[in-house]
Amino acid sequence: MDVNLTELEKRFLSELEVIESIGALELLEADYLGKKWKLKAILWGIKDMSIEEKKQIGVKANELKNSFTDFLVSKKEALKKALIEKRVQEESIDVTLSYSSKMRGHKHPISHTTELLEDIFISLGFKIEDGPQIEDERHNFDMLNIPDNHPARDVWDTFWISDEINNHKNPGEKLLLRTHTSPVQIRTMLSQDLPIKVIVPWRVFRYEQEDARHTCNFYQLEGLVVGEGVTFWDLKWTLDTVMKELLGKKTELRFRPSIFPFTEPSAEVDVSCQICGGTGRVWDRRCSMCSGTGWVELLGAGMVHPKVLEGCGIDPMKYSGFAFGMGIDRIAAQRFWVSSSRMFYQSKLKMNEQF
Ligand code: FA5
């Protein structure tokens, strides 16, 4: 029996030596150590031996099994290393190679529009701020004068982070994907000295029924100005200047009375549709971007509500402010004449390569 074990080890080692792939190694492993392992087959033959002989052969067989395992592990490591080295050699990039300029990528229309907006606002003296995309209820709703059960919460259909992950204890700590960039108004007023003049661009999320103007993931740009003597006229002038700079001097703005719990008075601001030139029709069909109205809603705006100022420790009798939140996707669609902002997310090269 002892002779058989020696023979088995020899055979194993010679088979192992010629193996060149991990797949073949796994087959060998199954053959020698798997359910029908050769070693076991030998051990079945020991039932007729004396107890002493059985003990001896058992110990040796176990040692052999352990040494097979060690050999297999180190062979696997060596094969993996060789594979990586081969791939590194094959896939190494020659940075000195010339390339055709046609292969270069370019900015997505939304990034491009964001950067243009940032440049315009910076030229008007604004600073850029940032905030978390996973927000808490306190900043996204409560401190913006939208308490729990306020009907305005329904307007911002929300993706909540499940309680299994967000084991919140106190009211206001529940986490969500921010539904607008307005919570950064609160963060800025709590952390910065007056006067404040900031914009906050980037990503927001809503549980939306998607159409030409609505997507679940989209981009907003928030604006906040707080100081002494800030008026609604300053807000109108700022928005008019920015939109004319961005979309052209002929662009018209329309302010409609609206309600946002965190501004008073509030307005929704439309621009004349650039796709149909404000006529509501493209060729003989209804313009899908403005639903045939000739106007596209781009943003919400208003004077910062005194309760919001107070909540952030700012005296509303002394200071005032305006705020706005514009949809970057819709502005990009207007700027690039894209009839549905859903197209920005469909990864169709034919569409993206036009810009
Ligand atoms: C807000 O989000 C407010 N936070 C805006 C605001 C800020 C008001 C500061 C007052 C003061 P609203 O839900 O209307 O408001 O969204 C603002 C803009 O985001 C819209 O005018 C629109 O241009 C864009 N928008 C809204 N929902 C979507 C959507 N699902 N897909 C693409 N763009 C959207």
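Attention in this report is confined to the structure presented alongside it. Numbering of residues starts from 1 in each chain and follows the order in which that chain's sequence is written. Totals for whole chains, interfaces and linings use every residue, but because this is a predicted model, local features are given only for residues with pLDDT of at least 70 and side-chain atom pairs only at 80 or more, for both listing and counting. Water and hydrogen atoms were dropped before computing side-chain values, which therefore reflect all heavy atoms in the structure.

Being near a molecule or strand, for a residue, comes down to having at least one heavy atom within 4 Å of it. Neighbouring the ligand are 25 residues; His180, Ser182, Arg206, Glu297 and Leu298 lie closest to it. Polar contacts, as used here, are pairs of N or O atoms within 3.5 Å; protein pairs need one atom able to donate a hydrogen and one able to accept it. Residues neighboring in sequence count only if both atoms are side-chain atoms. The backbone of Thr215 places a nitrogen or oxygen atom 3.0 Å from a nitrogen atom of the ligand. With respect to the ligand, the side chain of Gln220 contributes an N or O atom lying 3.0 Å from an oxygen atom. Here the accessible surface of atoms and residues is derived via Shrake-Rupley with a 1.4 Å probe, and residues count as covered only by protein chains that are part of the display. Here the ligand has 670 Å² of accessible area as a free molecule, and 97% of this is covered by the chains. In this analysis a 1.4 Å probe is tested at points of a 1 Å grid over the protein atoms alone, and where it fits but cannot get out there is a cavity; an open set with protein on both sides within 12 Å along at least five of seven lines is a pocket; lining residues have an atom within 4 Å of a point. Cavities and pockets are treated as containing a molecule whenever more than half of the molecule's atoms lie within 2 Å of their grid points. Comparing atom positions with the cavity grids shows the ligand to sit within the largest pocket. By definition, any uninterrupted DSSP run of H or I lasting at least four residues is a helix, any uninterrupted run of E lasting at least two residues is a strand, and each is numbered from the N terminus. Mapped onto the shell around the ligand, the elements with two or more residues apiece are β5 (217-227), β10 (295-304) and β11 (320-327). Here the element with the most residues in the shell around the ligand is β10; it accounts for 5 residues.

Expected span, for any helix, means 1.5 Å times one less than how many residues it has. Look at helix α5 (residues 109-123): 21 Å from first C-alpha to last across 15 residues, which is about the 21 Å you get at 1.5 Å a residue. Contact between two residues is taken to exist if any of their heavy atoms lie within 4.5 Å; hydrogens are not considered. Along its buried surface, α5 packs onto β1 (127-128), β4 (196-205), β5, α8 (232-247), β11 and α10 (328-336). Following α5 by one or two positions, Gly125 has its phi on the positive side, about 95°.

In this section: the pattern of salt bridges. Side-chain pairing between opposite charges can occur once the charged atoms of the two side chains come close. By salt bridge we mean one thing: a side-chain nitrogen of Lys or Arg within 4 Å of a carboxyl oxygen of Asp or Glu. Overall, the coordinates contain 12 salt bridges when judged by the stated rule. As a salt-bridge pair, Arg187 and Glu135 come within 2.8 Å of each other at their nearest N and O atoms. Taken as a pair, Arg187 in helix α7 (residues 183-191) and Glu135 in strand β2 (residues 134-136) lie far apart in primary sequence, 52 residues in all. Throughout, exposure labels follow a simple rule: accessible area from a 1.4 Å probe, protein chains only, divided by the maximum for the residue type, with under 20% read as buried, over 50% as exposed, and the rest as partly exposed. By relative accessible area, which is 28% here, Arg187 ends up partly exposed.

Two strands qualify as a pair provided DSSP detects at least 2 bridges between them. Strand order across the open sheet formed by 7 strands is β1-β4-β5-β11-β10-β7-β6, with mixed pairing between neighbours. The open sheet is flanked by β1 and β6 (253-260), the only strands paired with a single partner. The pairing of β1 with β4 spans 2 bridges and is parallel. Within β4, the residue paired with Ile128 across the bridge is Ile199.

No statement about biological role is implied by the geometric values presented.
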